[in-house]
Amino acid sequence: MEGKTFRTPSEAARAVVSALRPGVSPQRNGWTFWTITETGQPLQTVRHTYR
């Protein structure tokens, strides 16, 4: 997936799940799927910052 960009966190999460686990439903909420490396918190915790 190097070099790809995604419009939303959910779109990126679906792409990762599809690539790594093709037998699993890729439907994901990217805001809860991804975590912030420094804190370990879900991306959701900073969502209000980017609206």
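Owing to the predicted nature of the structure, the values given are computational and were not obtained by experimental measurement.

Participant: Tell me about the pattern of salt bridges, residues and numbers included.
Facilitator: All told, the structure shown has one salt bridge when counted by the stated rule. Salt-bridge contacts for arginine 7 lead to glutamate 11; the nearest nitrogen and oxygen are separated by 3.3 Å. Using a relative accessible area of 24% as the deciding quantity, one classes glutamate 11 as partly exposed.

Participant: Tell me about the side chain of serine 10, and please be specific about residues and values.
Facilitator: Looking at the secondary structure, you find serine 10 in helix H1 (residues 9-20). On the basis of relative accessible area, serine 10 is assigned to the buried category, the value being 15%. Apart from the residues lying within four places of it in its own chain, the contact partners of serine 10 are Arg28, Asn29 and Gly30.

Participant: How would you explain the packing of aromatic side chains if you had to name every residue and give the values?
Facilitator: Summed over the entire model, instances satisfying the criterion amount to one aromatic pair. Relative to tryptophan 34, the ring of phenylalanine 33 has its centre 4.9 Å away and its plane inclined at 85 degrees; by these criteria the two rings are edge-to-face. Accessibility expressed as a relative area gives 31% for phenylalanine 33, which makes it partly exposed. Assessed through its relative accessible area of 29%, tryptophan 34 is described here as partly exposed.

Participant: Go over the environment of histidine 48 with me, naming the residues and quoting the values.
Facilitator: Within the secondary structure, histidine 48 is located in the segment after helix H2 (30-33). Look at histidine 48 and you get exposed, because its relative accessible area is 62%. For the pair histidine 48 and tryptophan 31, spaced 17 residues apart in sequence, the C-alpha separation works out to 11 Å.

About the criteria used
- Residues numbered from 1 in each chain as written.
- Predicted model: local features only at pLDDT ≥ 70, side-chain atom pairs only at ≥ 80, totals over all residues.
- Heavy atoms only, no water.
- Salt bridge = Lys/Arg side-chain N within 4 Å of Asp/Glu carboxyl O.
- Buried < 20%, exposed > 50% of the residue type's maximum accessible area, 1.4 Å probe, protein only.
- Helix = DSSP H or I, 4+ residues; strand = E, 2+ residues; numbered from the N terminus.
- Contact = heavy atoms within 4.5 Å.
- Phe/Tyr/Trp six-rings, centres within 6.5 Å; stacked < 30°, edge-to-face > 60°.

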